[in-house]
Amino acid sequence: VGCGNCSSRFCRDCLARVYRDESRRHQQHKCPMCRVEYEQMVPDRALNHDLNNGPTLPCRYDGCPEQALALSMIAEHEKRCEHVPMRCRYAPYGCSWTGKRG
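Bear in mind that the values here come from a model prediction, so they are computed numbers and not experimental data. (Residues numbered from 1 in each chain as written. Predicted model: local features only at pLDDT ≥ 70, side-chain atom pairs only at ≥ 80, totals over all residues. Heavy atoms only, no water.)

Draft legend 1. Main features of the overall build of the protein. Helices and strands together make up the secondary structure of the protein, namely three helices and four strands. In sequence order, the protein lays out its α and β elements as α-α-β-β-α-β-β. Its C-alpha atoms give the protein a radius of gyration of 21 Å, more than 25% over the compact-globule value 13 Å for 102 residues. By principal-axis analysis of the C-alpha atoms, the protein measures approximately 55 × 35 × 15 Å. By the burial criterion, 24% of the 102 residues in the protein qualify as buried. (Helix = DSSP H or I, 4+ residues; strand = E, 2+ residues; numbered from the N terminus. Rg over C-alpha atoms; globule rule 2.2 N^0.38 Å. Buried < 20%, exposed > 50% of the residue type's maximum accessible area, 1.4 Å probe, protein only.)

Now the structure itself:
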């Protein structure tokens with residue numbers, strides 16, 4: 001997200017924290033970079049477009065057939081990828097087994 005004036009990019013949580021802090025101090029909301037006042041955070045449409053339509057990467061886990069994952073889909077893929085190495089749920093109790101999720 002950003003202020004809508006400059007090209008600086010911020011994660012939503014950080015800019016929201018700055019916004020809240022300025023509100024508590026009864027100050028005008030200003031961009032941390034360009035210092036221009038803003039009313040609300042503006043989604044970074046260019047970054048969103050790049051993440052969805054930009055370069056692709058293969059899954060990083062050996063044996064996975066996925067070879068063209070959009071950057072925005074990598075985290076979701078890794079949640080369900082059958083080739084992610086896993087430890088036994090009893091590893092804290094001494095089990096040393098490891099294997100694939102699938």
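Draft legend 2. Highlighting the environment of Ser72. Examined against the element boundaries, Ser72 turns out to sit in the loop between β2 (69-70) and α3 (74-80). Looking at Ser72, the relative accessible area reads 33%, which means it is partly exposed. Taking the C-alpha atoms as reference points, Ser72 and Cys95, 23 residues apart in sequence, are found 35 Å from one another. When sequence neighbours within four positions are dropped, the list of residues in contact with Ser72 reads Leu51 and Asn52. (Contact = heavy atoms within 4.5 Å.)

Draft legend 3. Looking closely at the side chain of His83. For His83, the location among the structural elements is in the loop between α3 and β3 (85-87). Separated by 3.3 Å, the side chain of His83 and the backbone oxygen of Gly63 make a polar contact. Ignoring any residue separated from it by four or fewer positions in sequence, one finds His83 in contact with Tyr61, Asp62, Gly63, Cys64, Pro65 and Lys100. (Polar contact = N/O pair within 3.5 Å; in protein donor to acceptor, adjacent residues only side chain to side chain.)

Draft legend 4. Geometry of helix α1 (residues 12-24). In this model α1 runs 18 Å from its N-terminal to its C-terminal C-alpha over 13 residues, within 8% of the 18 Å that 1.5 Å per residue would give. Residues of α1 that are buried: Leu15, Ala16 and Glu22. Seen from one end, α1 has its buried residues packed into an arc of 125 degrees, which puts them on one side. Opposite the buried face of α1, by more than 90 degrees, sit the exposed residues Asp13 and Arg24. Looking one or two residues past α1, His26 carries a phi angle of roughly 55 degrees, positive in sign. (Expected span 1.5 Å × (residues − 1). Arc of directions from axis to C-beta.)

Draft legend 5. Here's a closer look at the packing of aromatic side chains. Counted by the stated rule, this structure contains two aromatic pairs. Judged by centre distance (5.9 Å) and plane angle (50 degrees), the ring pair of Tyr19 and Tyr38 falls under tilted. With Tyr19 in helix α1 and Tyr38 in the loop between α1 and α2 (45-53), the pair connects residues that are 19 residues apart, well separated along the chain. Take Tyr19: its relative accessible area is 25%, and that puts it in the partly exposed class. A relative accessible area of 4% places Tyr38 in the buried class. Relative to Tyr93, the ring of Tyr90 lies with its centre 6.4 Å away and its plane at 45 degrees, an arrangement referred to as tilted. (Phe/Tyr/Trp six-rings, centres within 6.5 Å; stacked < 30°, edge-to-face > 60°.)

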